[in-house]
Amino acid sequence: MPIRSLVIAALLAGTGISATALAQDAPAAATPQPKRTILDQHEQSGVPGTEIVLGTAEIPAGGVVGWHVHDGDESGYVLKGNLVLKTRGKPDQVLKAGDHFFNPRGAVHSLAAAPGSEGGVALSTWIIDKGKPLAEPVK
């Protein structure tokens, strides 16, 4: 093999080793995190022990809200993008802007960005037991 080919091969091999070493030292890419924003919260009139919560969930591409339940009902509407609502025991529900969804009290569910999409934003109203957390994680 000519000397020039050996030098090029050595440089390429060295570059591959360096890239591998750098990749091992670099921190793993952060998983896209959903963001929940509470817009309004108040006691429900005439129904002691309950409150109404209004909020959004912004789910970036690749993002997912893990499995959880609510101590009350959730009624939601997709403001933009493409999402997938997963509810245990039911088929996945593919949602796009303008679609609505409902999660009854205690339904174990998850909301994710649709595969290959830029994610989306959902607006939800929850009617929950006062003093309880808005959502409780479930495995």
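Definitions and cut-offs
Residues numbered from 1 in each chain as written. Predicted model: local features only at pLDDT ≥ 70, side-chain atom pairs only at ≥ 80, totals over all residues. Heavy atoms only, no water. Pairing = 2+ DSSP bridges. Helix = DSSP H or I, 4+ residues; strand = E, 2+ residues; numbered from the N terminus. Salt bridge = Lys/Arg side-chain N within 4 Å of Asp/Glu carboxyl O. Buried < 20%, exposed > 50% of the residue type's maximum accessible area, 1.4 Å probe, protein only.

Thoughts on the pairing of strand β2 (residues 50–60)
So, point 1. Pairing of strand β1 (residues 35–43) with β2 involves eight bridges; the strand directions are antiparallel. Paired with D40 across the two strands is L54, which belongs to β2.
So, point 2. Joining the antiparallel neighbours β1 and β2 is a turn of six residues, in which G46 adopts a positive phi near 75°.
So, point 3. As paired elements, β2 and strand β8 (residues 119–129) share 11 bridges and run antiparallel to each other. Bridge pairing in β8 places T56 opposite L123.

Some points on the pattern of salt bridges
So, point 1. Taken as a whole and assessed by the stated rule, the structure comprises four salt bridges.
So, point 2. K130 is the salt-bridge partner of E43, the closest N and O atoms lying 2.4 Å from each other. Linking E43 in strand β1 with K130 in the loop between β8 and β9 (136–137), this pair joins segments that are 87 residues apart in sequence.
So, point 3. On the basis of relative accessibility, which here comes to 52%, the residue E43 falls in the exposed class.
So, point 4. A relative accessible area of 44% places K130 in the partly exposed class.

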